[in-house]
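# Topology and contacts: notes
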Amino acid sequence: MKKNYLRYPVLGFFILLVSIAVLATVIPLFPSKEWYVRVFDYPRLQTFFVAVLALIWYFVFYFKRDRVSYLFAVLLIGVISVQAYKAAPYTVLGSQQVLKSQKAASATTSVSLFICNVLQPSDNYQKVLDRVAEYQPDIVITTESDSVWQEALSVLDAKYPHRIAVPLDNTYGMHLYSKLPLDQAKVRYLLEPDLPSIRAKVQLKSGEWVHLFIVHPRPPVPGEDDDSRERDAEIIMVGREARKEKGGVIVAGDFNDVAWSETTALFQEVSGYLDPRRGRGFYNTFNAELPLFRWPLDHIFHSPHFKLIKMERGDKVGSDHFPMYIKLSYEPENADDQPKVKEEEDTQQEASKAIKKGKADAGKE
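Bear in mind that the values here come from a model prediction, so they are computed numbers and not experimental data.

The subject of this paragraph is the sheet that holds strand β6 (residues 197-203). Strand order in the open sheet formed by 5 strands is β5-β6-β7-β8-β9, and the pairing between neighbours is mixed. Edge positions in the sheet fall to β5 (182-188) and β9 (298-302), since each has one partner strand and no second. Across this sheet, the average inter-strand angle for adjacent strands is 15°, counted without regard to direction. Pairing geometry for β6 and strand β7 (residues 209-215), over 6 bridges, is antiparallel. Residue pairing in the sheet places lysine 201 in a bridge with histidine 211 of β7. Where helix α7 (residues 229-243) meets the sheet, it contacts β5, β6, β7 and β8 (249-254), and its direction lies at approximately 170° from that of β7.

Written as C-alpha coordinates, this is what we have:
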(Lines give C-alpha, C1' and ligand atoms only; values in the text may rest on other atoms or scores of the structure.)
Protein backbone atom coordinates (compact mmCIF):
# COMPACT_ATOMS: atom_id res chain seq x y z
CA MET A 1 0.00 0.00 0.00
CA LYS A 2 1.33 3.46 -0.90
CA LYS A 3 2.02 5.86 1.89
CA ASN A 4 -0.04 9.03 1.93
CA TYR A 5 2.50 11.77 2.63
CA LEU A 6 -0.23 14.36 3.13
CA ARG A 7 -1.95 12.27 5.78
CA TYR A 8 -0.62 14.26 8.68
CA PRO A 9 -1.18 18.04 8.84
CA VAL A 10 2.34 18.64 10.17
CA LEU A 11 3.86 16.83 7.22
CA GLY A 12 1.60 18.74 4.87
CA PHE A 13 2.86 21.99 6.40
CA PHE A 14 6.43 20.76 5.92
CA ILE A 15 5.78 20.13 2.23
CA LEU A 16 4.40 23.66 1.97
CA LEU A 17 7.61 25.06 3.52
CA VAL A 18 9.74 23.04 1.13
CA SER A 19 7.72 24.36 -1.81
CA ILE A 20 8.14 27.96 -0.64
CA ALA A 21 11.90 27.49 -0.09
CA VAL A 22 12.35 25.99 -3.56
CA LEU A 23 10.29 28.70 -5.25
CA ALA A 24 12.12 31.44 -3.29
CA THR A 25 15.39 30.01 -4.64
CA VAL A 26 14.37 29.36 -8.25
CA ILE A 27 12.26 32.45 -8.99
CA PRO A 28 15.06 35.06 -8.56
CA LEU A 29 17.17 33.12 -11.08
CA PHE A 30 14.85 34.42 -13.80
CA PRO A 31 16.02 37.69 -15.41
CA SER A 32 12.59 39.32 -15.12
CA LYS A 33 12.54 42.74 -13.45
CA GLU A 34 8.93 42.47 -12.25
CA TRP A 35 8.48 43.10 -8.53
CA TYR A 36 7.05 39.62 -7.83
CA VAL A 37 10.32 38.13 -9.13
CA ARG A 38 12.85 40.59 -7.72
CA VAL A 39 11.28 40.56 -4.24
CA PHE A 40 12.78 37.09 -3.80
CA ASP A 41 16.29 38.61 -4.01
CA TYR A 42 15.86 39.79 -0.44
CA PRO A 43 15.21 36.80 1.89
CA ARG A 44 18.31 34.74 1.06
CA LEU A 45 19.33 34.19 4.66
CA GLN A 46 15.79 33.40 5.79
CA THR A 47 15.34 30.84 3.01
CA PHE A 48 18.68 29.23 3.92
CA PHE A 49 17.70 28.68 7.56
CA VAL A 50 14.21 27.46 6.67
CA ALA A 51 15.78 24.85 4.40
CA VAL A 52 18.39 23.81 6.99
CA LEU A 53 15.81 23.36 9.75
CA ALA A 54 13.42 21.57 7.41
CA LEU A 55 16.14 19.17 6.29
CA ILE A 56 17.15 18.33 9.87
CA TRP A 57 13.54 17.90 10.94
CA TYR A 58 12.75 15.71 7.96
CA PHE A 59 15.74 13.40 8.49
CA VAL A 60 14.92 12.99 12.18
CA PHE A 61 11.19 12.34 11.89
CA TYR A 62 10.12 11.39 8.38
CA PHE A 63 12.98 10.23 6.17
CA LYS A 64 12.50 6.80 4.58
CA ARG A 65 14.54 5.09 1.90
CA ASP A 66 12.15 5.88 -0.93
CA ARG A 67 11.95 8.21 -3.90
CA VAL A 68 9.85 10.84 -2.18
CA SER A 69 12.29 11.19 0.71
CA TYR A 70 15.27 11.39 -1.62
CA LEU A 71 13.47 14.02 -3.70
CA PHE A 72 12.81 16.18 -0.63
CA ALA A 73 16.43 15.79 0.50
CA VAL A 74 17.83 16.77 -2.91
CA LEU A 75 15.54 19.79 -3.16
CA LEU A 76 16.48 21.05 0.30
CA ILE A 77 20.20 20.47 -0.21
CA GLY A 78 19.92 22.37 -3.50
CA VAL A 79 18.21 25.30 -1.75
CA ILE A 80 20.83 25.35 1.01
CA SER A 81 23.70 25.25 -1.48
CA VAL A 82 22.38 28.11 -3.64
CA GLN A 83 21.53 30.34 -0.70
CA ALA A 84 24.82 29.61 1.06
CA TYR A 85 26.72 30.52 -2.11
CA LYS A 86 24.93 33.89 -2.22
CA ALA A 87 25.25 34.63 1.50
CA ALA A 88 28.75 33.29 2.31
CA PRO A 89 30.70 36.36 1.07
CA TYR A 90 28.90 38.46 3.72
CA THR A 91 29.93 36.25 6.61
CA VAL A 92 33.28 35.85 8.35
CA LEU A 93 33.82 32.87 6.03
CA GLY A 94 34.14 35.22 3.06
CA SER A 95 37.26 37.13 2.13
CA GLN A 96 37.39 40.78 3.16
CA GLN A 97 37.02 43.15 0.22
CA VAL A 98 38.23 46.19 2.17
CA LEU A 99 41.42 45.98 4.19
CA LYS A 100 41.76 47.34 7.70
CA SER A 101 43.66 50.60 7.96
CA GLN A 102 46.82 50.68 10.01
CA LYS A 103 46.68 54.45 10.42
CA ALA A 104 45.48 56.18 13.57
CA ALA A 105 41.74 56.86 13.63
CA SER A 106 42.48 60.52 14.35
CA ALA A 107 44.47 60.99 11.14
CA THR A 108 43.57 64.04 9.06
CA THR A 109 42.89 61.75 6.11
CA SER A 110 40.00 59.94 7.82
CA VAL A 111 36.33 60.61 7.15
CA SER A 112 33.31 59.26 9.05
CA LEU A 113 29.71 59.00 7.87
CA PHE A 114 26.42 58.35 9.66
CA ILE A 115 23.62 57.23 7.35
CA CYS A 116 20.04 57.05 8.55
CA ASN A 117 16.69 56.45 6.91
CA VAL A 118 14.62 58.34 9.48
CA LEU A 119 11.13 57.12 8.38
CA GLN A 120 9.30 60.27 7.36
CA PRO A 121 6.15 59.83 9.56
CA SER A 122 8.27 59.15 12.65
CA ASP A 123 8.68 61.83 15.31
CA ASN A 124 11.63 60.20 17.04
CA TYR A 125 13.87 63.16 16.30
CA GLN A 126 15.78 62.96 19.56
CA LYS A 127 16.77 59.35 18.98
CA VAL A 128 18.43 60.31 15.72
CA LEU A 129 20.15 63.26 17.38
CA ASP A 130 21.33 60.98 20.19
CA ARG A 131 22.95 58.61 17.69
CA VAL A 132 24.64 61.54 15.95
CA ALA A 133 25.93 62.75 19.32
CA GLU A 134 27.15 59.24 20.07
CA TYR A 135 29.19 58.83 16.88
CA GLN A 136 30.17 62.45 16.21
CA PRO A 137 30.54 61.76 12.46
CA ASP A 138 32.06 64.17 9.97
CA ILE A 139 29.05 63.69 7.70
CA VAL A 140 25.40 62.94 8.47
CA ILE A 141 23.15 61.65 5.69
CA THR A 142 19.40 61.30 6.18
CA THR A 143 16.85 59.84 3.80
CA GLU A 144 13.05 60.13 4.00
CA SER A 145 13.60 63.50 5.68
CA ASP A 146 11.01 66.19 4.93
CA SER A 147 10.69 69.81 6.06
CA VAL A 148 9.49 68.70 9.51
CA TRP A 149 12.59 66.58 9.97
CA GLN A 150 14.71 69.42 8.63
CA GLU A 151 13.39 71.72 11.33
CA ALA A 152 13.81 69.07 14.04
CA LEU A 153 17.43 68.43 13.02
CA SER A 154 18.28 72.12 12.71
CA VAL A 155 20.15 71.84 16.02
CA LEU A 156 22.88 70.18 13.95
CA ASP A 157 23.46 73.36 11.96
CA ALA A 158 25.98 74.80 14.40
CA LYS A 159 28.30 71.77 14.23
CA TYR A 160 27.56 70.98 10.59
CA PRO A 161 27.87 74.31 8.75
CA HIS A 162 27.98 72.76 5.28
CA ARG A 163 24.59 71.41 4.24
CA ILE A 164 22.51 70.27 1.30
CA ALA A 165 18.77 70.08 1.98
CA VAL A 166 16.18 68.37 -0.21
CA PRO A 167 13.05 68.30 1.98
CA LEU A 168 10.30 66.34 0.22
CA ASP A 169 7.05 64.94 1.59
CA ASN A 170 7.04 61.86 -0.68
CA THR A 171 9.43 59.80 1.54
CA TYR A 172 12.32 60.54 -0.84
CA GLY A 173 13.67 63.70 0.74
CA MET A 174 17.33 63.68 1.76
CA HIS A 175 19.73 65.86 3.72
CA LEU A 176 23.49 66.09 3.91
CA TYR A 177 25.13 67.69 6.95
CA SER A 178 28.91 68.07 6.91
CA LYS A 179 31.59 69.38 9.22
CA LEU A 180 33.91 69.27 6.23
CA PRO A 181 33.77 71.82 3.40
CA LEU A 182 31.74 70.93 0.31
CA ASP A 183 32.25 71.97 -3.28
CA GLN A 184 30.46 71.43 -6.60
CA ALA A 185 27.39 70.23 -4.72
CA LYS A 186 24.49 69.26 -6.95
CA VAL A 187 21.01 67.87 -6.42
CA ARG A 188 20.04 65.77 -9.43
CA TYR A 189 16.88 64.02 -10.56
CA LEU A 190 18.37 61.32 -12.72
CA LEU A 191 15.23 59.49 -13.83
CA GLU A 192 12.14 60.83 -12.07
CA PRO A 193 11.25 64.42 -11.14
CA ASP A 194 10.51 63.51 -7.52
CA LEU A 195 13.50 61.22 -6.79
CA PRO A 196 16.61 63.22 -5.92
CA SER A 197 20.22 62.18 -5.57
CA ILE A 198 23.17 64.24 -4.39
CA ARG A 199 26.75 64.52 -5.52
CA ALA A 200 29.44 66.71 -3.98
CA LYS A 201 33.14 67.04 -3.33
CA VAL A 202 34.23 66.83 0.31
CA GLN A 203 37.47 68.34 1.60
CA LEU A 204 39.22 66.21 4.21
CA LYS A 205 41.11 67.81 7.09
CA SER A 206 44.32 67.04 5.20
CA GLY A 207 43.13 69.37 2.43
CA GLU A 208 42.51 66.57 -0.07
CA TRP A 209 39.19 66.34 -1.88
CA VAL A 210 37.06 63.20 -2.33
CA HIS A 211 33.75 62.65 -4.10
CA LEU A 212 30.47 61.71 -2.42
CA PHE A 213 27.34 60.36 -4.12
CA ILE A 214 24.06 59.81 -2.24
CA VAL A 215 21.19 57.77 -3.69
CA HIS A 216 17.72 56.57 -2.68
CA PRO A 217 15.94 54.92 -5.62
CA ARG A 218 12.40 53.59 -5.50
CA PRO A 219 12.01 49.90 -4.47
CA PRO A 220 10.27 47.29 -6.66
CA VAL A 221 7.27 46.68 -4.42
CA PRO A 222 3.50 47.23 -4.89
CA GLY A 223 2.57 50.83 -4.25
CA GLU A 224 6.06 52.05 -5.21
CA ASP A 225 7.13 50.52 -8.53
CA ASP A 226 5.91 47.49 -10.47
CA ASP A 227 9.44 46.52 -11.49
CA SER A 228 13.08 47.22 -10.66
CA ARG A 229 14.15 48.77 -13.98
CA GLU A 230 14.34 52.38 -12.79
CA ARG A 231 15.99 51.43 -9.49
CA ASP A 232 18.57 49.34 -11.31
CA ALA A 233 19.22 52.05 -13.89
CA GLU A 234 19.81 54.75 -11.28
CA ILE A 235 22.20 52.62 -9.26
CA ILE A 236 24.22 51.68 -12.35
CA MET A 237 24.14 55.23 -13.76
CA VAL A 238 25.68 56.52 -10.54
CA GLY A 239 28.29 53.75 -10.59
CA ARG A 240 29.30 54.54 -14.17
CA GLU A 241 29.38 58.29 -13.49
CA ALA A 242 31.36 57.95 -10.27
CA ARG A 243 33.95 55.69 -11.95
CA LYS A 244 35.01 58.64 -14.13
CA GLU A 245 36.12 60.67 -11.12
CA LYS A 246 39.77 60.74 -10.15
CA GLY A 247 40.69 60.13 -6.55
CA GLY A 248 38.55 58.79 -3.75
CA VAL A 249 34.81 58.21 -4.18
CA ILE A 250 32.12 57.14 -1.70
CA VAL A 251 28.64 56.08 -2.82
CA ALA A 252 26.13 55.79 0.01
CA GLY A 253 22.44 55.71 0.78
CA ASP A 254 19.33 53.56 0.90
CA PHE A 255 19.71 51.52 -2.31
CA ASN A 256 16.48 49.58 -1.73
CA ASP A 257 18.50 46.62 -2.96
CA VAL A 258 20.40 43.87 -1.20
CA ALA A 259 24.15 43.39 -1.32
CA TRP A 260 24.00 40.04 -3.13
CA SER A 261 21.64 41.00 -5.97
CA GLU A 262 22.65 40.94 -9.64
CA THR A 263 22.13 44.71 -9.78
CA THR A 264 24.51 45.41 -6.91
CA ALA A 265 27.05 43.02 -8.44
CA LEU A 266 26.77 44.89 -11.75
CA PHE A 267 27.13 48.22 -9.92
CA GLN A 268 30.38 47.01 -8.34
CA GLU A 269 31.70 45.74 -11.67
CA VAL A 270 30.85 49.01 -13.43
CA SER A 271 32.29 51.21 -10.69
CA GLY A 272 35.10 49.00 -9.41
CA TYR A 273 34.06 49.99 -5.88
CA LEU A 274 34.42 47.85 -2.79
CA ASP A 275 31.92 46.69 -0.16
CA PRO A 276 33.36 46.86 3.39
CA ARG A 277 30.76 44.36 4.65
CA ARG A 278 32.24 41.50 2.64
CA GLY A 279 33.98 39.12 4.99
CA ARG A 280 32.63 40.96 8.04
CA GLY A 281 28.85 40.50 8.24
CA PHE A 282 25.46 41.33 6.78
CA TYR A 283 24.85 44.53 8.77
CA ASN A 284 21.12 44.19 8.07
CA THR A 285 19.48 47.60 8.26
CA PHE A 286 15.87 46.76 7.32
CA ASN A 287 13.41 45.89 8.86
CA ALA A 288 14.30 47.15 12.34
CA GLU A 289 10.89 46.10 13.67
CA LEU A 290 10.88 42.54 12.28
CA PRO A 291 13.91 40.55 13.54
CA LEU A 292 13.15 37.51 11.38
CA PHE A 293 12.84 39.53 8.19
CA ARG A 294 15.94 41.67 7.88
CA TRP A 295 18.37 42.36 5.05
CA PRO A 296 20.95 45.01 4.12
CA LEU A 297 19.38 47.89 2.18
CA ASP A 298 21.54 50.82 3.31
CA HIS A 299 24.97 50.70 1.72
CA ILE A 300 28.37 52.36 1.68
CA PHE A 301 30.57 51.50 -1.30
CA HIS A 302 33.87 53.21 -1.99
CA SER A 303 36.82 53.28 -4.34
CA PRO A 304 40.00 51.33 -3.46
CA HIS A 305 41.56 54.58 -2.19
CA PHE A 306 39.93 53.99 1.21
CA LYS A 307 40.62 51.46 3.93
CA LEU A 308 38.36 50.68 6.86
CA ILE A 309 38.83 52.04 10.36
CA LYS A 310 35.45 51.19 11.89
CA MET A 311 31.98 50.14 10.81
CA GLU A 312 28.89 49.28 12.81
CA ARG A 313 25.14 49.23 12.70
CA GLY A 314 23.65 51.73 15.10
CA ASP A 315 20.89 51.19 17.64
CA LYS A 316 17.24 51.71 16.77
CA VAL A 317 16.10 55.28 16.17
CA GLY A 318 12.35 54.69 15.86
CA SER A 319 12.59 54.06 12.13
CA ASP A 320 12.04 50.85 10.20
CA HIS A 321 15.74 51.12 9.30
CA PHE A 322 18.78 50.87 11.53
CA PRO A 323 21.38 53.60 10.94
CA MET A 324 24.88 52.78 9.73
CA TYR A 325 28.19 54.31 10.83
CA ILE A 326 31.48 53.99 9.01
CA LYS A 327 34.89 55.56 9.36
CA LEU A 328 37.30 55.33 6.45
CA SER A 329 40.95 56.21 5.96
CA TYR A 330 41.90 57.86 2.68
CA GLU A 331 45.06 56.11 1.54
CA PRO A 332 45.39 56.57 -2.24
CA GLU A 333 49.01 55.51 -2.07
CA ASN A 334 47.86 52.05 -0.97
CA ALA A 335 44.96 51.67 -3.42
CA ASP A 336 46.72 48.84 -5.26
CA ASP A 337 46.83 46.80 -2.03
CA GLN A 338 43.06 46.37 -2.07
CA PRO A 339 41.29 43.44 -3.76
CA LYS A 340 40.03 44.25 -7.25
CA VAL A 341 36.43 43.89 -8.43
CA LYS A 342 36.51 41.80 -11.59
CA GLU A 343 34.67 43.20 -14.59
CA GLU A 344 33.15 40.55 -16.86
CA GLU A 345 33.35 40.74 -20.65
CA ASP A 346 29.70 41.76 -20.97
CA THR A 347 29.61 44.12 -17.98
CA GLN A 348 29.43 47.36 -19.94
CA GLN A 349 26.89 45.91 -22.36
CA GLU A 350 24.67 44.76 -19.49
CA ALA A 351 25.05 48.14 -17.80
CA SER A 352 24.05 50.03 -20.93
CA LYS A 353 21.07 47.74 -21.42
CA ALA A 354 19.89 48.25 -17.83
CA ILE A 355 20.23 52.03 -18.09
CA LYS A 356 18.37 52.11 -21.41
CA LYS A 357 15.47 50.08 -20.00
CA GLY A 358 15.27 52.23 -16.87
CA LYS A 359 15.22 55.43 -18.90
CA ALA A 360 12.54 54.00 -21.18
CA ASP A 361 10.39 53.17 -18.14
CA ALA A 362 10.89 56.68 -16.82
CA GLY A 363 9.98 58.19 -20.20
CA LYS A 364 13.44 59.65 -20.77
CA GLU A 365 15.46 59.55 -23.99
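Looking now at the sheet that holds strand β10 (residues 306-313). On the basis of which strands lie adjacent, the open sheet formed by 6 strands has the order β3-β4-β2-β1-β11-β10 and mixed pairing. Lying at the two open borders of the sheet, with one neighbouring strand each, are β3 (162-166) and β10. Across the sheet, the mean angle from the axis of one strand to that of its neighbour is 15°, orientation sign disregarded. Relative to strand β4 (residues 174-178), β3 runs antiparallel, the two being bridged by 5 bridges. The partner of valine 166 across the bridge, within β4, is methionine 174. Most of the contacts of helix α5 (residues 125-135) go to strand β1 (residues 110-117), to which it runs at about 165°, and overall it touches β1, β2 (139-143), β10 and β11 (324-330).

Taken together, the side chains of Phe13, Leu16 and Ile20 define a hydrophobic patch exposed on the protein surface, amounting to about 300 Å² of accessible area. Note that leucine 16 resides in helix α1 (residues 9-26). Accessibility expressed as a relative area gives 46% for leucine 16, which makes it partly exposed.

Another point: the packing of α7 against helix α9 (residues 347-362). The angle between the axes and the distance between the axes are what describe a pair of packed helices. Contact pair α7 / α9: the axes reach a minimum separation of 8 Å and the direction vectors enclose 130°. The orientation of α7 with respect to α9, classified from their angle, is oblique. Here α7 runs over α9; the crossing is left-handed. Counted together, Arg229, Glu230, Ala233, Ile236, Met237 and Arg240 of α7 and Gln348, Ala351, Ser352, Ala354, Ile355, Lys357, Gly358, Lys359, Asp361 and Ala362 of α9 form the full contact between these two elements. Considering only residue class, the contact of α7 with α9 consists of 7 nonpolar, 3 polar and 6 charged.

Now for unusual backbone geometry. Here the bond from phenylalanine 286 into asparagine 287 is cis, since omega is 10°, no more than 30 degrees from zero. Inspection of the secondary structure puts asparagine 287 in the loop between α8 (262-271) and β9. The phi dihedral of glutamate 144 falls on the positive side, at around 65°, and the residue is not glycine. With respect to the helices, strands and loops of the structure, glutamate 144 is situated in the loop between β2 and α6 (147-152). Among the residues examined, glutamate 144 registers a relative accessible area of 11% and is labelled buried. Phi is positive for asparagine 256, close to 50°, though the residue is something other than glycine. Residue position: asparagine 256 is located in the loop between β8 and α8.

With that settled, consider the packing of aromatic side chains. According to the stated counting rule, one finds 12 aromatic pairs in the structure shown. Considering the side-chain rings of phenylalanine 114 and tyrosine 135, the 5.9 Å spacing of their centres and the 35° angle between planes classify their relative orientation as tilted. Taken together, the positions of phenylalanine 114 in strand β1 and tyrosine 135 in helix α5 put the pair 21 residues apart, joining distant regions of the chain. The buried category is assigned to phenylalanine 114, whose relative accessible area is 0%. When its relative accessible area of 11% is taken as the criterion, tyrosine 135 is described as buried. Each ring, one from tryptophan 260 and one from phenylalanine 282, has its centre 5.7 Å from the other, and the planes form 80°; the classification is edge-to-face. Of this pair, tryptophan 260 sits in the loop between β8 and α8 while phenylalanine 282 sits in the loop between α8 and β9, placing them 22 residues apart in sequence.

Before going further, it helps to spend a moment on the environment of aspartate 183. Of note, aspartate 183 is situated in strand β5. Residue classification places aspartate 183 among the partly exposed positions, given a relative accessible area of 34%. In this structure, the C-alpha to C-alpha distance between aspartate 183 and leucine 23, residues 160 residues apart in sequence, is 49 Å.

Parameters at a glance
Numbering of residues starts from 1 in each chain and follows the order in which that chain's sequence is written. Given that this is a predicted model, residues contribute local features only at a pLDDT of at least 70 and side-chain atom pairs are listed and counted only at 80 or more, while totals for whole chains, interfaces and linings are drawn from all residues. Each side-chain value is derived from all of the structure's non-hydrogen atoms; neither hydrogens nor water enter the calculation. Whether two strands pair depends on DSSP finding at least two bridges between them. Put simply, DSSP marks the helices as runs of H or I at least four residues long and the strands as runs of E at least two long, and each gets a number from the N terminus on. Only the stretch in contact is used when fitting a helix axis, every axis being a line fitted to C-alpha atoms; angles between N-to-C directions are given from 0 to 180 degrees. Residues are treated as being in contact if the distance between any of their heavy atoms lies within 4.5 Å. Patch membership needs two things, relative accessible area over 30% and no salt bridge, and members are linked within 9 Å if like-charged or within 5 Å if nonpolar (Val, Leu, Ile, Met, Phe, Trp, Tyr). Per-residue and other accessible areas follow the Shrake-Rupley method at a 1.4 Å probe size, with only the shown protein chains counted as cover for residues. Any carboxyl oxygen of Asp or Glu within 4 Å of a side-chain nitrogen of Lys or Arg constitutes a salt bridge here. Whether a residue is buried, partly exposed or exposed follows from its accessible area with a 1.4 Å probe, protein chains only, as a fraction of its type maximum: under 20%, in between, or over 50%, in that order. Any angle between 65 and 115 degrees counts as roughly perpendicular, while under 35 counts as roughly parallel, over 145 as roughly antiparallel, and the rest as oblique. Working rule for handedness: look at the near helix, and if it is turned counterclockwise from the far one by less than a right angle, call the crossing left-handed; if clockwise, right-handed. As a working rule, the residues Ala, Val, Leu, Ile, Met, Phe, Trp, Tyr, Cys and Pro are called nonpolar, Asp, Glu, Lys and Arg charged, and the rest polar, with Gly in that last group. By convention, a stacked pair of Phe, Tyr or Trp rings (six-membered ring in the case of Trp) has centres within 6.5 Å and planes under 30 degrees apart, an edge-to-face pair has planes over 60 apart, and any other such pair is tilted.

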